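# Observations on the model geometry
As a plain string of letters, each chain reads:
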Amino acid sequence: MSGIYLDYNASGLVRPEVLEIMTRALADNGNPSAVHAAGRRARARVETARAQVGDLVGADPTAVVFNSGGTEANAQGIASALAAGCDRLIVSATEHPCVAETAANAGAPVEVLPVDANGVVDLEWLAEALSRPGRAVVAIHHANNESGVIQPVVEAAKLVRAAGGWLHVDAIQSAGKIPVDMRVLDADSLTLSAHKMGGPQGVGALIFKEGVSGVRILHGAGQERGLRAGTENVPGIAGFGVAADSAARDLETMASHVGWRDAVEARVKAAGATIIGGAVARLPNTLFMAVEGWDSPQQLITLDLAGVMVSAGSACSSGKVKPSKTISAMGLNTLATGGVRVSGGWGTIEGDWVRFADAWVAAYNKHKTRAAERVREVA
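Residues numbered from 1 in each chain as written. Predicted model: local features only at pLDDT ≥ 70, side-chain atom pairs only at ≥ 80, totals over all residues. Heavy atoms only, no water.

### Quick notes on the overall build of the chain
Keep this limit in mind: Only runs of H or I of at least four residues qualify as helices and only runs of E of at least two qualify as strands under DSSP, and these elements are numbered from the N terminus. For every residue, the accessible area obtained with a 1.4 Å probe (protein chains only) is divided by the maximum for its type, and the residue is called buried under 20%, exposed over 50%, and partly exposed between those limits. Residue contacts are counted whenever heavy atoms from the two residues lie within 4.5 Å of one another. Under the convention used here, a 1.4 Å probe and the Shrake-Rupley method define accessible areas, while residue burial counts only the protein chains that appear. The charge count includes Lys and Arg as positive and Asp and Glu as negative, but it does not include His or the ends of the chains. By convention, charge coordinates are those of NZ in Lys, CZ in Arg, CG in Asp, or CD in Glu.
Scanning the chain for helices and strands turns up 13 helices and 12 strands. Oriented by its inertia axes, the alpha-carbon framework of the chain measures out at about 75 × 55 × 35 Å. For the chain, buried positions account for 53% of its 379 residues. Sequence-distant contacts, at least 24 apart, represent 71% of the contacts inside the chain between residues at least 6 apart. Accessible surface, the chain as shown: approximately 15,400 Å² in total, 56% of it carbon and sulfur. In the chain, 34 positive and 38 negative side-chain charges are present, and the distance between their average locations comes to 3 Å.

### Notes on the packing of helix α2 (residues 37-56) against helix α8 (residues 234-249)
Axes are the key here: two packed helices are described by the angle between their axes and the distance separating the axes. For clarity, the threshold we go by: In this analysis an axis means a line fitted to C-alpha atoms, helices contributing only their contacting stretch, and an angle means the value between N-to-C directions, from 0 to 180 degrees. Note on convention: near helix rotated counterclockwise from far helix by under a right angle means a left-handed crossing. Clockwise means right-handed. Asp, Glu, Lys and Arg are counted as charged, while Ala, Val, Leu, Ile, Met, Phe, Trp, Tyr, Cys and Pro are counted as nonpolar; the rest, among them Gly, fall into the polar class.
Look at α2 against α8: their axes get within 8 Å of each other, and the N-to-C directions meet at 30 degrees. Read as a crossing pair, α2 and α8 show a hand that is left-handed. Side by side, α2 and α8 meet where A42, R45, V46, A49, Q52, V53 and L56 of the first sit next to V234, I237, A238, F240, G241, V242, A244, D245, A247 and A248 of the second. The residue makeup of the contact of α2 with α8, split by class, is 13 nonpolar, 2 polar and 2 charged.

### Considering the pairing of strand β5 (residues 136-139)
For a regular strand, the rule is simple: side chains alternate between the two faces of the sheet. Our working definition: What makes two strands pair is DSSP finding at least two bridges between them. Looking down the strands as they point away from the viewer, one classifies a crossover as right-handed if the path from the first strand across the helix to the second runs clockwise.
A two-sided burial pattern is seen for β5, the buried positions comprising A136 and V138 on one face and V137 and A139 on the other. Taken together, the 3 bridges between β5 and strand β6 (residues 166-170) define a ladder with parallel strand orientation. Among the inter-strand pairings, V138 is bridged to a residue of β6, identified as L167. Once you follow β5 into helix α6 (residues 153-163) and on to β6, the crossover reads as right-handed.

### Remarks on α2
Here is the rule we go by: Any helix carries an expected span of 1.5 Å times its number of residues minus one.
Here α2 spans 29 Å end to end across 20 residues, near enough to the 28 Å set by a 1.5 Å rise per residue. The complete set of buried residues in α2 reads A38, G39, A42, V46, A49, R50, Q52, V53, G54 and L56. Residues of α2 that are buried make contact with β2 (64-67), β7 (189-193), β8 (204-208) and α8. At the C-terminal side of α2, G58 shows a positive phi close to 65 degrees.

### Focus: the sheet that holds β8
Spatial strand order, β2-β8-β7-β6-β5-β3-β4: 7 strands in an open sheet with mixed pairing. Two strands lie at the open edges of the sheet, namely β2 and β4 (110-113), each paired on one side alone. Averaged over neighbouring strand pairs, the angle between their axes works out to 20 degrees when direction is ignored. Alignment of strand β3 (residues 88-92) against β4, held across 4 bridges, turns out to be parallel.

### Some words on the packing of helix α11 (residues 296-305) against helix α13 (residues 350-378)
Our working definition: An angle counts as roughly parallel when it lies under 35 degrees, as roughly antiparallel when it exceeds 145, as roughly perpendicular when it falls between 65 and 115, and as oblique in every other case.
Interaxial distance between α11 and α13 falls to 10 Å at its minimum, and their mutual angle equals 125 degrees. In terms of orientation, α11 lies oblique with respect to α13. Crossing handedness for the pair α11 and α13: right-handed. Only F356, A359, W360 and A363 of α13 make contact with α11, whose side of the interface consists of Q299, T302 and L303. Within the contact of α11 with α13, the residues separate by chemical class into 5 nonpolar, 2 polar and no charged.

### Some points on the nonpolar core
To be explicit about the condition: Among the buried residues, those of types Ala, Val, Leu, Ile, Met, Phe, Trp, Tyr and Cys that are joined through side-chain atoms within 4.5 Å form a nonpolar core.
Judged by nonpolar contacts, the single largest core of 57 residues is most densely connected at V53, F66, V138, L190, L192, I207 and F240. Ranked by residue count, the leading element in this core is α8, at 8 residues. Here L190 is in contact with V57, V169, A171, V180, M182, L185, A205, L206 and I207, once residues within four sequence places are set aside. Listed in part, the 24 residues of the second largest apolar core include V268, W360, V361 and Y364.

### Things to note about the packing of aromatic side chains
For clarity, the threshold we go by: Put simply, two rings from Phe, Tyr or Trp (the six-membered ring, in Trp's case) pair if the centres are within 6.5 Å, and we call them stacked under 30 degrees between planes, edge-to-face over 60, tilted for the rest.
Counting across every chain of the model gives 5 aromatic pairs. With centroids separated by 5.5 Å and ring planes inclined at 70 degrees, the aromatic side chains of Y5 and Y8 adopt a geometry described as edge-to-face. Pairing F66 with F240 gives two aromatic rings, centres 5.9 Å apart and planes at 65 degrees, and the pair type is edge-to-face. Taken as a pair, F66 in strand β2 and F240 in helix α8 lie far apart in primary sequence, 174 residues in all. Like F240, F66 is buried. Three or more aromatic residues link up through ring pairs in this structure, and these residues are W294, W360 and Y364.

### Structural notes on the pattern of salt bridges
For the record, the criterion: Any Lys or Arg side-chain nitrogen located within 4 Å of an Asp or Glu carboxyl oxygen qualifies as a salt bridge.
Evaluated as defined, the whole model comprises 22 salt bridges. Among the salt bridges present, the one from E224 reaches R50, with a minimum N-O distance of 2.7 Å. On the criterion of sequence distance, the pair formed by E224 in the loop between β8 and α8 and R50 in helix α2 is long-range, its members being 174 residues apart. One salt bridge in this structure joins E111 and R88, with 3.1 Å as the shortest N-O distance. Of this pair, E111 sits in strand β4 while R88 sits in strand β3, placing them 23 residues apart in sequence. Accessibility expressed as a relative area gives 22% for E111, which makes it partly exposed. Residue R88 is classed as buried on the basis of its relative accessible area of 7%. In the salt-bridge network here, residues are joined through shared partners; they are R43, E47, R50, E224 and E232.

Right, dumping it as structure tokens:
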């Protein structure tokens, strides 16, 4: 790929070892439900991947349900909670749209769990909300997809347990970037997506806590222990497994992004940017910044022309000039249309971060000069 790619939170570049295993699986594409030799080889690939994905998050392989990606996984997790007797939903204010929209259309009352100025959920508010009548499913992502801010899921889990609720954790951004252990998080359901960790797009997983049952939202045959009908995407699942295995191996390497990120953060902050969530724990690979008066699309186009690929935040909102949900929830409304997210991954080197900083600072200085000239002309 030509240019500098710093948009791993949107979709990570596919790892070479993933491409290799997927190519082999595509060349030997038996149906994993078949009993003949090709079918058994396909089944072995699926079950190997199931173990690899489970290992990444400390879960038993039998608890892993493969599906089409994070959106489907989150929808099924919430549906399972409601089927288990939850009659209301509590969703964090900075949750990914696929969780927020699923909750809004679930047919049950929804409350929004607020966040503070750093983007961290308000646990006191949550405790009070859980004390009210009804059994709640609480949806809190492990790390925000825009800011990378890490949420106090362990503390939230204690509150949910005491109230007899269901905790649903979207770990799509955190898995493979920081340690994720489902047993430590004490989640009832947890979701992953392959393409965030160097695997293929279109493959994800929903993982249930031991003793927790799920319901299917796609009906048909009995694949995935009856929880997800449809022939398994064997090449994609095999790639997911290898990506999970590689991501677990590379966790220490991911930590090296902190120093690179922080050096760039100091430069853009000195140039006038506000760092979103910079005062609290964040994913090591993520920098979310914003300026007032220079909209995100203009920044992205300028950087793209300079050979640097970043995003404005959630990939699901790319190309849409609208305020960042995360920035708005933090009360920083004047900055909400000027956010830029920079996110590295397995293929990123220090020079990529430096090149972003060089390009952005130069472009922002030019923008400020042009803006000052326009003001003088009007005066």
